[in-house]
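Observations on the model geometry
Chain residues, written in single-letter form:
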Amino acid sequence: MPELPEVETVRRALAGQVVGRTIRQVRVHRPDTIDLPGNPTTTNPTAANAAAGLNGPIVAGSACSSTGSDTLQGAANRLLCGQRISGVVRHGKQLAWWTEPSGAPTTTHKTGKTKRKNSASGYGELGKHAGWPAVGVHLGMTGCLRVFDGGRGCERGRADRMRAEWGGHTHITWELDDGLTIAFQDPRRFGHVWVFATGEQLRAHRWAGLGPDALTITGEELHRRLGRTRRAIKAALLDQSLVAGLGNIYTDELLHVCRVHPRAPAASLSVRRTKRLADGARTLLAEAIEHGGSTLRDYADPLGQPGAFQAHHAVYARHGQACPRCQSKLSVTRVASRTTTYCSHCQRK
DNA sequence: AGGTAAACCTACTTGC
DNA sequence: TGCAAGTA
DNA sequence: GTTTACC
Ligand SMILES: [Zn+2]
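Right, let's walk through the structure included here. (Residues numbered from 1 in each chain as written. Chains lettered and ligands numbered in written order. Predicted model: local features only at pLDDT ≥ 70, side-chain atom pairs only at ≥ 80, totals over all residues. Heavy atoms only, no water.)

A few words now on the coordination of the zinc ion. Within the first shell, the zinc ion binds the protein through C323 (SG), C326 (SG), C343 (SG) and C346 (SG), at distances of 2.2 to 2.4 Å. For the zinc ion, the 4 donor atoms in the first shell make angles of 98 to 114° at the metal, so the coordination geometry reads as tetrahedral. Donor residues binding the zinc ion come from one chain and are separated in sequence as C-x2-C-x16-C-x2-C. With relative accessibility at 0%, the residue C343 sits in the buried group. Take C346: its relative accessible area is 5%, and that puts it in the buried class. (Donors = N, O, S within 2.8 Å, 3.2 Å for Na, K, Ca; no water. Tetrahedral: all angles 85-135°; square planar, octahedral: opposite > 155°, others 65-115°. Buried < 20%, exposed > 50% of the residue type's maximum accessible area, 1.4 Å probe, protein only.)

Before going further, it helps to examine the protein's contact with DNA strand B. H169, P187, R188, R189, F190, T229, R230, R231, A232 and S337 make up every residue found near DNA strand B. Backbone atoms, meaning sugar and phosphate, make up 58% of the atoms of DNA strand B lying within 4 Å of the protein. Take P187: an N or O atom from its main chain is 3.4 Å from a sugar or linking oxygen of DNA strand B. (Near = heavy atom within 4 Å. Polar contact = N/O pair within 3.5 Å; in protein donor to acceptor, adjacent residues only side chain to side chain.)

Vacant regions in the atomic arrangement are exposed by a probe of water-molecule size rolled over the atoms. The full count for this structure, using the stated rule, is 2 cavities of 30 Å³ or more. Its volume calculated, the largest cavity comes out at about 40 Å³. Along the walls of the largest cavity sit A214, I217, L222, L237, V243, L246, L254, L277, A278 and A281, which together make up its complete lining. Of all the elements, helix α9 (residues 271–290) adds the most residues to the lining of the largest cavity, at 3 residues. (1 Å grid on protein atoms, 1.4 Å probe; cavity = no way out; pocket = protein on both sides within 12 Å on 5 of 7 lines; lining within 4 Å. Points joined across faces, edges and corners; volume = space filled by probe spheres on them. Helix = DSSP H or I, 4+ residues; strand = E, 2+ residues; numbered from the N terminus.)

It is worth spelling out the sheet that holds strand β1 (residues 23–28) at this point. The strand order across the open sheet formed by 4 strands is β1-β7-β8-β6, and the pairing between neighbours is antiparallel. Either end of the sheet is taken by a strand with one partner, and the two such strands are β1 and β6 (144–149). This sheet shows a mean twist of 20° between the axes of neighbouring strands, independent of strand direction. For β6 and strand β8 (residues 180–185), the ladder comprises 6 bridges, and the chain directions are antiparallel. Bridge assignment links V147 to a residue of β8, and that residue is I182. The strands that helix α1 (residues 4–18) touches are β6, β7 (170–176) and β8; relative to β6, the one it contacts most, it runs at about 30°. On top of the sheet, helix α3 (residues 72–80) reaches β1 and β7; it is set at about 160° to β1, its chief contact. (Pairing = 2+ DSSP bridges. Axes fitted to C-alpha atoms, helices over the stretch in contact; angles between N-to-C directions. Contact = heavy atoms within 4.5 Å.)

Structure, rendered in structure tokens:
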């Protein structure tokens, strides 16, 4: 469920809490939820998992790392310990934070609240952070990043204590110098964490294949991109390489707002119509962000706050109920293997 | 190429 | 009440 | 939510 508005809500809350803080300790409680691409010591997943897997977390550089083969946790700590979080950024549903040595003069930008327009999407503003370690996160369906006060009770792999204090499914934690702990939690484990030696590598490996951010894409650009596929508009909008950030909820909502049938061929839409889609996306997503995103079951922001935008959904999960615009019964079908709700009266093919 | 289904998982809801 | 199936 | 396989 985390789509662009939920990820942006997480980004803002996280930025406000952790930018400027220095990472003291990374703990890997579930090795299969993290990767360190390009790290020579962790290229053998079998050895790394075997070393870090069954006996609970192992502290950085501790004597616990039995063999010469390194652990994911050790490698993550080597990259991140002593690094100060300099900014939290997002592109589509991808979240990341850059770091810099904590000794360096402060260049942190707290984009948690206001900054210049579009500071959210960090695609173009890697800048001077390009050369330092960076962390990438994708939340999948049920992932969330929480910020907890404390975490000292979770040392030495006290899984039971951690579970009691923070709930289950905590896979990766970053302990900060002010006592706060960032926790990546994800029951279904469709989400993932990546640690790169440089922000430049993160951008190249994780973001290069994404289309423009759905919050800022222009009508012209969207029209150009939709024009080169024969797929249905819904399938095209869900394709992160065409436009990044839309998922099942906001695609259905957007198509309803713009009165476009989900099966309409993407390339058949006029420039004018496509421009309205881009404008509609900006308006819809901005409004959703203002409400802290949508919580259907388990989504919560870093402080545990649920979103409120689900109350404003016109179609999603409302099949059989009345269309807010024309009062006719909303239809349900399947497009791109996803449950799709729309109004057959408002959204003509 | 594009459509479809399964795979990766847990947890909650539905139906018998 | 319990358990399988369906869904997110 | 994303990736992969198959038609
Ligand atoms: Zn309608």
